[in-house]
Amino acid sequence: MNNIPNDPAILLSYINTQLRDNYKNLDDLCKSLDVSEADIVNKLKSIGYSYDEKLNRFR
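Residues numbered from 1 in each chain as written. Predicted model: local features only at pLDDT ≥ 70, side-chain atom pairs only at ≥ 80, totals over all residues. Heavy atoms only, no water.

1. Examining unusual backbone geometry
One non-glycine residue, Asp-34, adopts positive backbone phi at about 55 degrees. On the secondary structure map, Asp-34 appears in the loop between helix H2 (26-33) and helix H3 (37-45). The exposed category is assigned to Asp-34, whose relative accessible area is 59%. Phi is positive for Asn-56, which is not a glycine, with a value near 55 degrees. (Helix = DSSP H or I, 4+ residues; strand = E, 2+ residues; numbered from the N terminus. Buried < 20%, exposed > 50% of the residue type's maximum accessible area, 1.4 Å probe, protein only.)

As structure tokens, this is what we get:
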């Protein structure tokens, strides 16, 4: 993944902060950062988190 944290716990914090501060949804974030949505979802799923569209965050 491009210039985003590889460690799942740090990635969680990074992605949620980006979603809160800069993006209206996960799709926009992934397009803007040129990263695979599936890669992010799978990496965060490995530590028990899933994307909540209504809250626009992983929880």
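2. Here we look at the environment of Glu-53
Following the sequence through the fold, Glu-53 ends up in the loop between strand E1 (51-52) and strand E2 (57-58). The exposure class assigned to Glu-53 is exposed, which follows from its relative accessible area of 67%. For the pair Glu-53 and Leu-26, spaced 27 residues apart in sequence, the C-alpha to C-alpha distance is 8.1 Å.

3. With respect to the nonpolar core
As a rule of thumb, soluble globular proteins bury nonpolar side chains together. Ile-15, Leu-19, Leu-29, Cys-30, Ile-40, Leu-44 and Phe-58 are the most contacted members of the largest nonpolar core, which has 13 residues in total. Counting only elements with at least two residues in this core, the list comes to helix H1 (8-22), H2 and H3. Looking at which element gives the most residues to this core, the answer is H1, with four residues. (Core = buried A, V, L, I, M, F, W, Y, C linked by side-chain atoms within 4.5 Å.)

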